[in-house]
Amino acid sequence: MNAGDCPFCAIIVGSLPASRVWEDATSIAFMDLRQAVPGHVLIVPRQHVETLDALDEETAAHLMRLAVRISKASVAAFAPHGFNLWQSNGEAGGQEVPHVHLHVQPRRTGDGLLRIYPDALPSPASYEALEALATELRVHLAPP
């Protein structure tokens, strides 16, 4: 999807309506159209970037700082029992709009939303298996 077809880009330029919570030169935050629980906010960079791995670190840090600010405001406004903060990438990750966005969702005990594991928690992996995975990642990590 290019920026011209992106609903979040349309919100950013004002051609689609949204209930804006915050905006600055780097990002905007607005109420998610589908409020599974009251107070669900989306935070998006103004620049059209489809996935987290394509986002520059400065913008990523800015989005996270804004997520912290919005969570603090949500505590004052809605007194939730907890929060989910999530970001999905690609079809397998459940991404619905190909524009990086963070969900900040106030949660209530027993609201039944977002079960991460379908049945039970996975069994712990062996240290050896975890170390092999960590080694694979370290090979591909560049210093900041």
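Residues numbered from 1 in each chain as written. Predicted model: local features only at pLDDT ≥ 70, side-chain atom pairs only at ≥ 80, totals over all residues. Heavy atoms only, no water.

Describing the overall build of the protein
As a reminder of what qualifies: Working definition: helices are DSSP H or I runs of at least four residues, strands are E runs of at least two. Numbering for both runs from the N terminus. Exposed residues in this analysis have more than 50% of their type's maximum accessible area, buried residues have under 20%, and partly exposed residues fall in between, with area computed by a 1.4 Å probe over protein chains only. Whether two residues touch is decided by their heavy atoms; if any such pair falls within 4.5 Å, the residues are in contact. Calculation of accessible area relied on Shrake-Rupley with a 1.4 Å probe; when residues are assessed, cover is drawn exclusively from the protein chains displayed. Charge assignment: positive for Lys and Arg, negative for Asp and Glu; neither His nor the chain ends contribute. We put the charge of a Lys on NZ, of an Arg on CZ, of an Asp on CG and of a Glu on CD.
Helices and strands together make up the secondary structure of the protein, namely three helices and five strands. Starting at the N terminus, the α and β elements of the protein follow one another as α-β-β-β-α-β-β-α. Along the longest, intermediate and shortest principal axes, the C-alpha atoms of the protein span 50 × 40 × 25 Å. Taken across its 144 residues, the protein has 32% of its residues classed as buried. Across the protein, the fraction of contacts at a sequence separation of at least 24, relative to all contacts at a separation of at least 6, is 53%. In the form shown here, the protein has an accessible surface area of approximately 9,500 Å², with 60% of it arising from carbon and sulfur atoms. Both charge centroids of the protein, one from 10 positive and one from 16 negative side chains, sit 11 Å from each other.

Overview of helix α2 (residues 57–78)
Quick reminder of the rule: Between the first and last residue of a helix there are one fewer steps than residues, each counted as 1.5 Å, and that sum is the expected span. By the criterion applied in these results, polar contacts are pairs of N or O atoms within 3.5 Å in which, for protein atoms, one can donate a hydrogen and the other can accept it, and in which residues neighboring in sequence qualify only through two side-chain atoms.
Compared with an ideal rise of 1.5 Å per residue, which puts 22 residues at 32 Å, α2 spans 31 Å between its outermost C-alpha atoms and is within 8% of the ideal. All of the buried residues in α2 are Thr 59, His 62, Leu 63, Leu 66, Ala 67, Ile 70, Ser 71 and Ser 74. Tucked into the core, α2 has its buried residues touching β1 (20–23), β2 (27–31), β3 (41–45), β4 (82–86) and β5 (102–107). Sitting at the head of α2, Asp 56 places a side-chain oxygen 3.2 Å from the backbone nitrogen of Glu 58. A positive phi of about 45° marks Ala 79, the residue just after α2.

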